[in-house]
Amino acid sequence: MKPSLEVNIHNLVLKNPVMTASGTFGYGPEFEDFFDPSVLGGIFVKGTTGKLRQGNPYPRMAETPMGMLNAVGLQNKGVDGFISDIYPKIKHYGTHLIVNVSGSTVEEYIEVAEKINALEHIPAIELNISCPNVKEGGMAFGTSCPSAAAVTRAVREVYHKTMIVKLSPNVTNIAEIAQVVEGAGADAVSVVNTLLGMAINAETRRPVLSTVTGGLSGPAIKPVALRMVWQTAKAVKIPVIGLGGIMTATDAIEFLLAGATAVQVGTANFIDPTVCPKIIAGIESYMIRHETEDIKSLINGLITV
Amino acid sequence: MKKFIHDFHIIENKDLNPGHFVLTLKPEVNLPPIFPGQFAEVRIDGSTGTFLRRPLSFHDVDYDANTITLLVQRKGDGTNRLAVMKPGDTINMVYPLGNSFHIGSSGERALLVGGGCGVAPLLYLGKILAKNGIRVTTLMGARSEEYIMEPERYKGHGELLLTTEDGKAGTKGYVIHHEVWRERNFSFDRVYTCGPDPMMKAVARLAVRHQVPCEVSLEQTMACGVGACLCCVIETNEGNKCTCTDGPVFDPNDLKNWLE
């Protein structure tokens, strides 16, 4: 019997739990040569802000052991550019398109969310209160309970579909932040965004990134992300979407066992543009091997006794 | 242009000098069309320090033999791993990526200027230009005589001019010091260049002085190679652009502060 990979995030039904993380898959067309994006459980498109943003100066990326630091800084065409130039090209995809909504002020988050709310083929947003690479807003909202609650509540008032909030790992107690955004109206949380880090070139004695610090992603952060998913899933009733260093189907299953309902694959897309279909197939063969008919039985399936 | 992900088998791995080697690779399928200036993202397995793929430009493409070659500089752990790979070993590539050099019309004269490992894409470019009836002159700048790489291959489709820093071969100095740039010697319709940024900037300014179009091929640290991660950006007059998809070949007039 073919196992069921279907999961639910609030009122979204995902054909499988594998989605692509914001900023790592473009908008989808970048990967169409490698596979049909419709096979995915969902696509989180690049962080979208009120106005066009050029992002941070080059260099914006540093390779690190089993990972990378980025300081892209939310380069994007702005919400109007997204709606006019990109949305028409991707709205026919047979998967859920989720826009990552970013901003410097609460007003900007509201503006973007309102405009995205009007798009028929976008069933959800991911509120990015955890970008470590912008001077104003971003992570500043996601690292204190009052500001995380305030921006979540403000967007909740204007956004009427599924609202996912993407949390920062750069906090002392992620469960506390998750509970606060749940209370403010979030329908799900994504755990986690990148870890703040830095890289130094010892020869030149200078930072590698133009911004000195950046966000660490890749397998290097997986144990931290798993721990945070586990802590968050125990603390909230809303679904947790796990991400952080997933490269293989086994990694994805570990996140489900830790309590994630679905996962996002990010940096791995850079290493292997065909990694997502491989992860979906790998999850299915794991389920067959373990005689698991319904993937939902893996969620929170960690055995600790 | 459709992009592919294929495994390639190494046919030959040849050292050119202590710093450079040439890999000849063959895929299990027929090669798709590849244009001069395009590159591949090469996966390097088994190295903890090399997490991302390495962007390497096509040095040559031989459709008859169904092989490609890559000219690689030993720079760090990743390229050192490639350097010790043997015939029969497999490497995975995402390709062909990026835009390509503009091919002028028959009867034109082109000057191809490469510094160090920057000559890599100019071999295939020269070959295709010559095939299109363009007279090709390659100006190669090397550190020393030992670093003049595969001169015979460039002579196969045109003239080869050399500069070395110590002057033991060709003109002494950098590529911009070569006498070909003097007013009475310069008779080219187009200049192409690839190498270190300061060299390309100087070459681009010389092309402007001679009032001929110029194309530069950039190298920026890169992650995805397909325009998704926005890491390899270059500042242009129209804002940040991706070297991997809008480039690697650019008109220096479009690049911010390149001709100043």
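Definitions and limits used
- Residues numbered from 1 in each chain as written.
- Chains lettered and ligands numbered in written order.
- Predicted model: local features only at pLDDT ≥ 70, side-chain atom pairs only at ≥ 80, totals over all residues.
- Heavy atoms only, no water.
- Helix = DSSP H or I, 4+ residues; strand = E, 2+ residues; numbered from the N terminus.
- Rg over C-alpha atoms; globule rule 2.2 N^0.38 Å.
- Contact = heavy atoms within 4.5 Å.
- Lys, Arg positive; Asp, Glu negative; His and termini not counted.
- Charge placed at Lys NZ, Arg CZ, Asp CG, Glu CD.
- Buried < 20%, exposed > 50% of the residue type's maximum accessible area, 1.4 Å probe, protein only.
- Areas by Shrake-Rupley, 256 points an atom, 1.4 Å probe, with all protein chains shown as cover.
- Pairing = 2+ DSSP bridges.
- Axes fitted to C-alpha atoms, helices over the stretch in contact; angles between N-to-C directions.
- Domains from an automatic or database assignment.
- Salt bridge = Lys/Arg side-chain N within 4 Å of Asp/Glu carboxyl O.
- Polar contact = N/O pair within 3.5 Å; in protein donor to acceptor, adjacent residues only side chain to side chain.
- Buried area = accessible area lost by both parts, 1.4 Å probe.
- Nonpolar A, V, L, I, M, F, W, Y, C, P; charged D, E, K, R; others polar.
- Parallel < 35°, antiparallel > 145°, perpendicular 65-115°, else oblique.
- Left-handed = near helix turned anticlockwise from the far one by under 90°.
- Core = buried A, V, L, I, M, F, W, Y, C linked by side-chain atoms within 4.5 Å.
- Phe/Tyr/Trp six-rings, centres within 6.5 Å; stacked < 30°, edge-to-face > 60°.
- Lys NZ or Arg CZ within 6 Å of the ring centre and 35° of its normal.

A.B. asks: Mind showing me how you'd approach the overall build of chain B here?
C.D. replies: From N to C terminus, chain B includes four helices and 16 strands. Over its C-alpha trace chain B gives a radius of gyration of 18 Å, about what one expects of a compact globule, namely 18 Å for 260 residues. When its C-alpha atoms are laid out on the principal axes, chain B stretches across 50 × 40 × 35 Å. For chain B, contacts bridging at least 24 residues in sequence account for 63% of all contacts bridging at least 6. Charged side chains in chain B number 28 positive and 31 negative. The centres of these two groups are separated by 1 Å.

A.B. asks: Is there a simple way to explain the overall build of chain A in this structure?
C.D. replies: A tally of helices and strands in chain A yields nine helices and 16 strands. Over its C-alpha trace chain A gives a radius of gyration of 18 Å, about what one expects of a compact globule, namely 19 Å for 305 residues. With the C-alpha coordinates aligned to their principal axes, the bounding extent of chain A is approximately 55 × 50 × 40 Å. Evaluated residue by residue, chain A yields a buried proportion of 62% over its 305 residues. Total accessible area on chain A is roughly 11,700 Å²; 55% of this is exposed by carbon and sulfur atoms. When the 24 positive and 27 negative side-chain charges of chain A are each reduced to one mean point, those points stand 5 Å apart.

A.B. asks: Looking at this structure, I do not really get the sheet that holds strand β1 (residues 4-17) of chain B. What am I missing?
C.D. replies: Sheets are built from strands paired through backbone hydrogen bonds, the pairs being either parallel or antiparallel. Residues and elements named next belong to chain B. Spatially, the seven strands line up as an open sheet ordered β4-β3-β7-β1-β2-β6-β5, and their pairing is antiparallel. Where the open sheet ends on each side, the last strands, each with one partner, are β4 (54-57) and β5 (60-62). On average, each strand axis in the sheet is tilted by 35° relative to the strand beside it, whichever way the strands run. For β1 and strand β7 (residues 90-97), the ladder comprises six bridges, and the chain directions are antiparallel.

A.B. asks: How should I be thinking about the side chain of B:Ser217 in this particular structure?
C.D. replies: Residues and elements named next belong to chain B. Here Ser217 shows up in strand β13 (residues 214-217). Residue Ser217 is classed as buried on the basis of its relative accessible area of 6%. In this structure Ser217 touches Phe101, Thr193, Cys194, Met200, Pro248 and Val249, once residues within four positions along its chain are discounted.

A.B. asks: Quick question: what am I supposed to make of the sheet that holds strand β5 (residues 61-64) of chain A here?
C.D. replies: Residues and elements named next belong to chain A. The antiparallel open sheet is built from four strands, whose spatial order is β5-β6-β14-β11. Bordering the open sheet on either side are β5 and β11 (195-198), each of which pairs with just one other strand. Neighbour-to-neighbour, the strand axes of this sheet turn through a mean angle of 40°, independent of strand direction. Where β11 lies against strand β14 (residues 213-217), four bridges are found, and the strand directions are antiparallel. By the bridge assignment, Leu195 is partnered in β14 with Leu216.

A.B. asks: Where do I start with the domain arrangement of chain B in this structure?
C.D. replies: Interfaces are often sized by the amount of accessible area the parts lose when they come together. All names here are of chain B. What the domain assignment reports for chain B is domain 1 (4-97) and domain 2 (109-217). The interface is formed by 19 residues belonging to domain 1 together with 15 residues belonging to domain 2. For the interface between domain 1 and domain 2, the tally reads two salt bridges. Between Arg153 and Asp60 there is a salt bridge, with its nearest N and O atoms 2.7 Å apart. Counting every contact that joins domain 1 to domain 2 gives seven residue pairs in polar contact (both at pLDDT 80 or more). Within the residue set of the side of domain 1 that touches domain 2, elements represented by two or more residues are β1, β2 (20-27), β5 and β6 (67-73).

A.B. asks: I'm lost on the environment of A:Met163 in this one. Help?
C.D. replies: Residues and elements named next belong to chain A. Along the chain, Met163 turns up in strand β9 (residues 162-166). Judged by its relative accessible area of 0%, Met163 is buried. Between the C-alpha atoms of Met163 and Asn76, which are 87 residues apart in sequence, the distance is 21 Å. Not counting residues within four places of it along the chain, the set of residues in contact with Met163 comprises Ile125, Leu127, Thr152, Val155, Arg156, Gly185, Ala186, Asp187 and Ala188.

A.B. asks: Is there a simple way to think about the interface of chain A and chain B in this case?
C.D. replies: Listed as interface residues are 31 residues of chain A and, on the opposing side, 30 residues of chain B. Together chain A and chain B conceal approximately 2,500 Å² of surface at their shared face, both sides included; 60% is due to carbon and sulfur atoms. The tally of links from chain A across to chain B stands at two salt bridges. In this structure, the salt-bridge partner of B:Lys3 is A:Asp33, at a minimum N-O distance of 3.6 Å. Counting the contacts that link chain A with chain B gives nine residue pairs in polar contact (both at pLDDT 80 or more). In terms of residue count, β5(A) provides more of the side of chain A that touches chain B than any other element does, three residues in total. Considered class by class, the residues forming the side of chain A that touches chain B number 14 nonpolar, 11 polar and six charged.

A.B. asks: Can you help me understand the packing of helix α7 (residues 249-257) of chain A against helix α9 (residues 275-289) of chain A in this one?
C.D. replies: Between two packed helices, what matters for the description is the angle formed by their axes and the separation of those axes. Residue and element names in this part refer to chain A. Axis separation between α7 and α9 bottoms out at 8 Å; the angle between their running directions is 65°. Compared by their axis directions, α7 and α9 come out roughly perpendicular. Here α7 runs over α9; the crossing is right-handed. For the pair formed by α7 and α9, the contact residues are Ala249, Ala252 and Ile253 on the first element and Ile279, Gly282, Ile283 and Tyr286 on the second. When grouped by side-chain class, the residues that make up the contact of α7 with α9 number six nonpolar, one polar and no charged.

A.B. asks: Help me out: how do you make sense of helix α2 (residues 120-131) of chain B in this one?
C.D. replies: The periodicity of an α-helix, 3.6 residues per turn, causes residues three or four places apart in sequence to face the same way. Most of α2(B) sits out of view: nine of its 12 residues are buried. Once α2(B) finishes, B:Gly133 follows within two positions and takes phi at roughly 80°, a positive value.

A.B. asks: What is the right way to read the nonpolar core from this model?
C.D. replies: Nonpolar side chains tend toward joint burial in soluble globular proteins. Residue and element names in this part refer to chain A. In terms of nonpolar packing, the biggest core is built from 108 residues, with Phe82, Ile129, Leu167 and Ile283 touching the most fellow members. Take this core: its biggest share by element is seven residues, from α9. Apart from residues no more than four positions distant in its own chain, Phe82 is found in contact with Tyr27, Val45, Thr48, Lys77, Tyr87, Pro88, Ile90, Val99, Ile116, Leu119 and Ile122.

A.B. asks: In this structure, what is going on with the packing of aromatic side chains? I would like to understand it.
C.D. replies: Any aromatic ring pair is given by two values, namely how distant the centres are and how the planes are angled relative to each other. In total, this model carries 12 aromatic pairs over all chains according to the counting rule given. Aromatic pair A:Tyr27 and A:Phe82: ring centres 6.0 Å apart, planes at 35°, arrangement tilted. Taken together, the residues span a long stretch of sequence, with A:Tyr27 in the loop between β3 (18-20) and β4 (42-48) and A:Phe82 in helix α1 (residues 78-90) at a distance of 55 residues. Judged on exposure class, the residue A:Tyr27 and its partner A:Phe82 are both buried. Grouped by ring-pair contacts, the aromatic residues A:Phe25, A:Phe31, A:Phe34 and A:Phe35 constitute a single cluster. The aromatic ring of A:Trp230 is capped on one face by A:Lys234, whose charged end is 3.6 Å from the ring centroid. Looking at B:Arg143, its charged tip hangs above the ring of B:Tyr147, at a distance of 4.1 Å from the centre.

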